[in-house]
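If you want the building blocks of each chain, they are given just below.
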Amino acid sequence: MDYQAIKGTVAQSAEGAAQLAGGLGQISGQLQGAAAGLTEANAGYAKAAAGQAALAQGLDKLVAGIGQLQAGLNQAAAGQGQIVDRIPFISGGLDELQGGQQQLADGFGQLTGQIGQLTDGLSGSADGLKQITGGLASAQDYLIQIQNAKDDELSGFFVPAEALEEGGIQQIFDNYLSADRKVMTLDVVFAANPYSAKAIDSMEDIQAAVDRAVKGTKLENAESAISGVTSTYSDLQKISNEDYTRTVILMLGGIFIILVLLLRSVIMPLYLIVSLVITYFTALGVTEAIFVHLLGYSGITWTTPFFSFVMLIALGVDYSIFLMARFNENKTWDVREAILHAMRNMGTVILSAVIILGGTFASMYPSGVLSMMQIATVVLSGLALYALVFLPFFVPVMVRMFGRANWWPFSGSASAGKPKMLDM
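Basis of the calculations
- Numbering of residues starts from 1 in every chain and runs along the sequence as written.
- Side-chain atom pairs in this predicted model are given and counted only at pLDDT of 80 or more, local residue features only at pLDDT of at least 70, and totals for whole chains, interfaces and linings cover all residues.
- Computation of side-chain values: all heavy atoms of the structure, hydrogens and water removed.
- Note on conventions: DSSP H or I runs of at least 4 residues are helices, E runs of at least 2 residues are strands, and numbering of each starts at the N terminus.
- Three exposure classes are used, based on accessible area relative to the maximum for each residue type with a 1.4 Å probe and protein chains only: buried under 20%, partly exposed in between, and exposed over 50%.
- Using the Shrake-Rupley algorithm and a 1.4 Å probe, accessible areas are obtained, with residue cover drawn only from the displayed protein chains.
- Residue contacts are defined here by distance: any two heavy atoms, one from each residue, within 4.5 Å place the two residues in contact.
- The term bend refers to the angle at a residue between two fitted axes, each drawn through seven residues, those ending there and those starting there.
- To count toward a patch, a residue needs a relative accessible area above 30% and no salt bridge. Like charges then connect within 9 Å, nonpolar side chains (Val, Leu, Ile, Met, Phe, Trp, Tyr) within 5 Å.
- Salt bridges are counted wherever a side-chain nitrogen of Lys or Arg sits within 4 Å of a carboxyl oxygen of Asp or Glu.
- Pairing of aromatic rings covers Phe, Tyr and the six-membered ring of Trp, with a centre-to-centre limit of 6.5 Å; geometry is then stacked below 30 degrees between planes, edge-to-face above 60, and tilted otherwise.
- Confidence scores here are pLDDT values: one per residue, from the predictor, ranging 0 to 100.

Asker: For this particular structure, what's the right way to read the overall build of the chain?
Answerer: Of regular secondary structure, the chain possesses 10 helices and 0 strands. Written out in order from the N terminus, the α and β elements of the chain read α-α-α-α-α-α-α-α-α-α. Residue burial in the chain is summarised as follows: out of 424 residues, 21% are buried. Accessible surface for the chain amounts to roughly 29,300 Å². Of this, 63% is attributable to carbon and sulfur atoms.

Asker: Is there a simple way to think about the environment of Ser 308 in this case?
Answerer: Within the secondary structure, Ser 308 is located in helix α8 (residues 303-329). Along the chain, Ser 308 and Gly 382 lie 74 residues apart, while their C-alpha atoms are 9.4 Å from each other. When sequence neighbours within four positions are dropped, the list of residues in contact with Ser 308 reads Tyr 280, Leu 284, Ile 375, Val 378 and Val 379.

Asker: Can you walk me through helix α10 (residues 370-402) in this structure?
Answerer: Given 3.6 residues per turn, any residue in an α-helix points the same way as the ones three and four places further on. Considering bend angle alone, the principal kink of α10 is centred on Phe 390 and spans about 55°; proline Pro 392 follows within four residues of it. Directly beyond the C-terminal end of α10, a positive phi value near 60° is found at Gly 403.

Asker: Help me understand a nonpolar patch on the surface, please; the structure alone is not making it clear to me.
Answerer: A cluster of nonpolar side chains, contributed by Tyr 195, Val 229, Tyr 233, Leu 236 and Trp 302, occupies part of the molecular surface with about 500 Å² of accessible area. With respect to the helices and strands, the residue Tyr 233 is situated in helix α6 (residues 229-263).

Asker: What's the story with the packing of aromatic side chains in this structure? I'm lost.
Answerer: Each pair of aromatic rings is reported with the distance of its centres and the angle of its planes. This model, assessed by the stated rule, comprises 11 aromatic pairs. Aromatic ring contacts, followed pair by pair, group Tyr 244, Tyr 280, Phe 281 and Phe 309 into a single cluster.

Asker: Which parts of the structure should I look at to understand the confidence of the model for the chain?
Answerer: Low pLDDT means the predicted coordinates in that region are not meant to be read closely. Averaged over all residues, the pLDDT of the chain is 80; the fraction at 70 or higher stands at 89%. Mean pLDDT values for the elements of the chain range from 71 in helix α2 (residues 161-164) up to 92 in helix α7 (residues 267-294). Counting interchain partners and residues more than four positions distant, the pLDDT-below-50 stretch residues 412-424 has 21 contacts.

See below:
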């Protein structure tokens, strides 16, 4: 009986399951329809969203158009304001136009008067042309006189016959020509100071200009001379330079001969004279730097180079003789030991002489005479330079460099010996 009950239950369950499957099939069909509806709804929603986006864009364009319309209305309002503001200017312009028309009418009236002036000017121009015609006729007469002149020269000045008959030109002839009309004076006025070096140096240029002017003329063989204060100083400078050159040659030549005979050498006098000349020009440069560049004088006086050369060279050669004579006493020694021995023995003597003579020449400064002060400066600076630089350094270097050749050509081959006694 339990089996039958179970069997009935199972059969009922199978029927219920079949019914449940049918119900599920119906539910599945309904679900497919619902899914299709949802798909259609989603498509509708997408279309609705696209329509909303297009609507939003249209609204944005509408807003922008309203903004542009508002800006246009503002510009129109501003333009109307400007038109209102310009109305007074337009009225002023119309007034100015009316005034310009009045000025134009006045200008036509003035033009009528200027035409009259132009007519008068043309009449004056005709008179001027008549004067030009007369001037051309005078020029033609002047050229005919030149052509008919007996002189074949093209240089100089041609004076027309009419000018020669005037009384004024006769006064000029009396001022610049002698009574017999054979001596002529020409005045030259310098733009620079006639006492300056520039004016003095131009004397040769003036003489050259005169020579060029008379060359190829009847005055080519005439005598010419230059006078005046500038010419006088130029001649003085020329004479001074010639005397200076002559003195330098004679002094240096005489000193060279004396040193050759005294030192029995040709080499030593050469570098001693070279040291003196270098000292002199250096001292002259120091003097120019002090008086011209520092104290503001125009230059060195013409007497300074001449007398300072004589004094400085004479004193300097004395000091060199003091040193080299003592050096020459020990010519058999080694040249290095001999020059050291000479410098030890003569250094004090030379420095003492420089100090004494320096004080002597320094006494020229209180005189206040420019030439004496410049000469004293050259001598003082030259003595100090020679005693402190050239004698202690330049001369020993030359002695050591030439060695036994210092006594060439007299005893340059003498053999070197040792000093008998040397103070150390």
